[in-house]
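Each chain, written out:
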Amino acid sequence: ELFSPSQKYQLLVYHADSLFHDKEYRNAVSKYTMALQQKKALSKTSKVRPSTGNAASTPQSQCLPSEIEVKYKMAECYTMLKQDKDAIAILDGIPSRQRTPKINMMLANLYKKAGQERSSVTSYKEVLRQCPLALDAILGLLSLSVKGAEVASMTINIIQSIPNLDWLSVWIKAYAFVHTGDNTRAINTICSLEKKSLLRDNVDLLGSLADLYFRAGDNKNSILKFEQAQMLDPYLIKGMDVYGYLLAREGRLEDVENLGCRLFNISDQHAEPWVVSGCHSFYSKRYSRALYLGAKAIQLNSNSVQALLLKGAALRNMGRVQEAIIHFREAIRLAPCRLDCYEGLIECYLASNSIREAMVMANNVYKTLGANAQTLTLLATVCLEDPVTQEKAKTLLDKALTQRPDYIKAVVKKAELLSREQKYEDGIALLRNALANQSDCVLHRILGDFLVAVNEYQEAMDQYSIALSLDPNDQKSLEGLQKMEKEESPTDATQEEDVDDMEGSGEEGDLEGSDSEAAQWADQEQWFGMQ
């Protein structure tokens, strides 16, 4: 009661700000609402009793927290509480002329999330009108299918008035290609930008380039660019979830574990560390833990595509296919140009024997994203499931391999087809050709299987060994190698008996000792892989 009405308003805002920073968002909203009511009463009082030239009242009124700022803070509270409709309602209540760029930016993002694309575009354009160099607003417009030329026209005046900004129009062009799914042209344009002295070793560009290589199925170059970005910025978090997933797929689980620990030391309030740890669990076949970590990542960032894919894959492998389908569909909504989202959904359809749905989805992807090696292979994968469409699958795979002879998924599916037809020699030639310029665990393992089929046992063992050196956790390669060793063991035993008869040596005991020692190491290696 000792305070004046304006001081009461100020104190309520300070109290609400404190609650906001303590993450007591509901309580903060309550105090912000009380503050706005106090401000309303204050405004009425000042209208009834206008200032009589009191100079002391002017600085105080200038120091009062802005009513618009209070509403923005309330909207932030609502977004933290996942009450997006309330956030939109509070910001919509601010007259258009009084909206600052950050209010328009928040509104644009909320509209986009709610599927109100037209309103989102209007808000992003308003941000660009006030701040022509707001790159996030540019990316927002491009993601909503606004033409690159139209977006560039909104920044042309600023580019011409400020020196050394000529790169911006190329940057907009590059990300326009990204959002239309034209990965090849996007990669070429970003590479041309990266060569310019101003943007050389730019971490953001390197991250985008790594992500594009990943989308194009070029995992080797993707890992290379992520490593380059990570070396330039050791505290980099953005994109590290994709990097962790790629390392896990290659069987580099120790590297994935180290990456996860490093990211948690930087921040545990981002989705990426949880996704990386989830990938480690998933590829260690601990699906329940992967599911929990994926859910935690989604809780921190509901727009994390990689978290949705991780949780979806864990649910699928746990037999909860219908729940997995929901997650893959949400991933597709967020990233309609990412093929791996569609692959996950199609795998779910195939797992539940819904071949018709899988075929419809694969055809839609083929038409939407165009006829490239990846979409051709995805369509062929579904065709392989139906005996009627085997020939179509063969034609599609041949087209894919003509476009990209090194595309691993296409090589694997073609090898699968040749195995069904028992054309092992053709399969061996295909795999040797694919392995000429790259080394991949799955290709080496399949080559081992084909060599066994044509009785080339020694070379088959070599191929299984190479596969295991690339991924020590690859169970199929281990089974293939153990099967070969069992088949060879009777011959080895006969040879050892002959040696004992001739020399009377104790070599057999030594060999047994080395086998048991190797088994211990194998057990230890398997145990570490499961951590």
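Residues numbered from 1 in each chain as written. Predicted model: local features only at pLDDT ≥ 70, side-chain atom pairs only at ≥ 80, totals over all residues. Heavy atoms only, no water.

Per an unreviewed UniProt entry, the protein chain goes by the name APC7 protein and belongs to Donacobius atricapilla.

K.L.:
How should the overall build of the protein chain be read in this particular structure?
P.N.:
Scanning the protein chain from terminus to terminus reveals 30 helices and zero strands. Across the 531 residues of the protein chain, 44% fall into the buried class. Surface summary for the protein chain: the accessible area is close to 28400 Å², and the carbon and sulfur share equals 51%. (Helix = DSSP H or I, 4+ residues; strand = E, 2+ residues; numbered from the N terminus. Buried < 20%, exposed > 50% of the residue type's maximum accessible area, 1.4 Å probe, protein only. Areas by Shrake-Rupley, 256 points an atom, 1.4 Å probe, with all protein chains shown as cover.)

K.L.:
Looking at this structure, I do not really get the UniProt feature "repeat: TPR" (unreviewed entry) in the protein chain. What am I missing?
P.N.:
Under the local residue numbering, the UniProt record ascribes the feature "repeat: TPR" (unreviewed entry) to residues 305-338 and 441-474. Along residues 305-338 one finds 79% helix and 0% strand; the C-alpha atoms at either end are 9 Å apart. When the span residues 441-474 is considered, its composition is 79% helix and 0% strand, and the gap between its end C-alpha atoms is 8 Å. (UniProt positions renumbered as here; feature names shortened; annotations may be inferred.)

K.L.:
Can you walk me through the confidence of the model for the protein chain in this structure?
P.N.:
Atom-level detail of predicted coordinates should not be read off regions where pLDDT is low. Per-residue confidence for the protein chain averages 85 on the pLDDT scale, and 89% of its residues sit at or above 70. With pLDDT under 50 throughout, residues 50-59 is counted as low confidence; its partners more than four residues away or in other chains account for one contact. For residues 502-531, every residue scores under 50 in pLDDT, and the model assigns this stretch 17 contacts once sequence neighbours within four places are set aside. (pLDDT = per-residue confidence, 0-100. Contact = heavy atoms within 4.5 Å.)

K.L.:
Can you help me understand helix α22 (residues 355-369) in this one?
P.N.:
Each full turn of the α-helix corresponds to 3.6 residues, which orients residues three or four apart in the same direction. Given a rise of 1.5 Å per residue, 15 residues ought to cover 21 Å, and the 21 Å separating the end C-alpha atoms of α22 matches this to within 8%. Among all positions in α22, only Ala358, Met359, Met361, Ala362, Val365 and Leu369 are buried. An end-on view of α22 places all buried positions within 165° of arc, on one side of the element. Those residues of α22 that are exposed and angled more than 90 degrees off the buried face are Arg356, Lys367 and Thr368. Next to the buried residues of α22 lie α21 (339-351) and α23 (373-383). Of the residues one or two after α22, glycine 370 is the one with positive phi, at around 90°. (Expected span 1.5 Å × (residues − 1). Arc of directions from axis to C-beta.)

K.L.:
Hey, could you run me through the packing of aromatic side chains in this one?
P.N.:
For any pair of aromatic rings, geometry is given as the distance between the ring centres together with the angle between the planes. What the rule picks out here adds up to eight aromatic pairs. With a centroid separation of 5.7 Å and 45° between ring planes, the pair formed by phenylalanine 226 and tyrosine 243 is classed as tilted. With phenylalanine 226 in helix α14 (residues 219-232) and tyrosine 243 in helix α15 (residues 240-249), this residue pair connects regions lying 17 residues apart in the sequence. Classification of tyrosine 243 as buried rests on a relative accessible area of 5%. Judged by centre distance (5.3 Å) and plane angle (75°), the rings of phenylalanine 282 and tyrosine 283 are edge-to-face. Judged by its relative accessible area of 12%, phenylalanine 282 is buried. The class for tyrosine 283 is partly exposed, based on a relative accessible area of 29%. Taken together through their ring pairs, the aromatic side chains of Phe282, Tyr283 and Tyr287 make up a single cluster. Lying across the ring of tyrosine 9, lysine 39 places its NZ or CZ 5.9 Å from the centre. Looking at lysine 296, its charged tip hangs above the ring of tryptophan 274, at a distance of 5.4 Å from the centre. (Phe/Tyr/Trp six-rings, centres within 6.5 Å; stacked < 30°, edge-to-face > 60°. Lys NZ or Arg CZ within 6 Å of the ring centre and 35° of its normal.)

K.L.:
Mind showing me how you'd approach helix α4 (residues 67-80) here?
P.N.:
An ideal rise of 1.5 Å per residue puts 20 Å on 14 residues; α4 measures up with 20 Å between its terminal C-alpha atoms. Of the residues making up α4, those classed as buried are Ile68, Val70, Lys71, Tyr72, Lys73, Met74, Ala75, Cys77 and Tyr78. One side-chain oxygen at the N-terminal end of α4 lies 3.1 Å from the backbone nitrogen of isoleucine 68; it belongs to serine 66. Just downstream of α4, lysine 82 is the residue with a positive phi angle, here 65°. (Polar contact = N/O pair within 3.5 Å; in protein donor to acceptor, adjacent residues only side chain to side chain.)

K.L.:
How should I be thinking about the side chain of arginine 445 in this particular structure?
P.N.:
Within the element layout of this structure, arginine 445 appears in helix α27 (residues 441-453). Its relative accessible area of 12% is what places arginine 445 among the buried residues. Discounting residues that sit within four places of it in the chain, arginine 445 has contacts with Tyr464, Ala467, Asp474, Lys476 and Ser477.

K.L.:
Is there a simple way to think about the environment of methionine 80 in this case?
P.N.:
Examined against the element boundaries, methionine 80 turns out to sit in helix α4. On the accessibility criterion, methionine 80 (46% relative accessible area) is partly exposed. Distance in space between the C-alpha atoms of methionine 80 and arginine 26 is 9.7 Å, their sequence separation being 54 residues.

K.L.:
What's the story with the packing of helix α26 (residues 424-435) against α27 in this structure? I'm lost.
P.N.:
Packing of α26 against α27 brings their axes to within 9 Å, and their N-to-C directions diverge by 150°. In terms of axis orientation, α26 runs roughly antiparallel to α27. The hand of the α26/α27 crossing is left-handed. Between α26, through Tyr424, Gly427, Ile428, Leu431, Arg432, Ala434 and Leu435, and α27, the contact on the second element is made entirely by Leu443, His444, Ile446, Leu447, Phe450, Leu451 and Ala453. Of the residues that constitute the contact of α26 with α27, the class distribution is 11 nonpolar, two polar and one charged. (Axes fitted to C-alpha atoms, helices over the stretch in contact; angles between N-to-C directions. Parallel < 35°, antiparallel > 145°, perpendicular 65-115°, else oblique. Left-handed = near helix turned anticlockwise from the far one by under 90°. Nonpolar A, V, L, I, M, F, W, Y, C, P; charged D, E, K, R; others polar.)

K.L.:
I would appreciate a short explanation of a nonpolar patch on the surface in the present structure.
P.N.:
Where nonpolar side chains cluster on the molecular surface, the patch consists of Leu2, Phe3, Leu11 and Tyr14 and spans about 480 Å² of accessible area. Within the secondary structure layout, phenylalanine 3 lies in the segment before α1 (5-21). (Patch = residues over 30% accessible without salt bridge, like charges linked within 9 Å, V, L, I, M, F, W, Y side chains within 5 Å. Salt bridge = Lys/Arg side-chain N within 4 Å of Asp/Glu carboxyl O.)

K.L.:
Before we go on, may I ask you to explain the packing of helix α25 (residues 408-420) against α27 in this structure?
P.N.:
The description of two helices packed together rests on the angle between their axes and the distance between the axes. It is the contact of α25 with α27, at a shortest axis distance of 11 Å, that shows an interaxial angle of 15°. With respect to α27, the axis of α25 lies roughly parallel. α27 is crossed by α25, and the crossing has left-handed handedness. Taking contact as the criterion, the partners of Ile408, Val411, Val412, Ala415, Leu418 and Ser419 in α25 are, on α27, Val442, Leu443, Ile446 and Phe450. Of the residues belonging to the contact of α25 with α27, the class tally is nine nonpolar, one polar and no charged.

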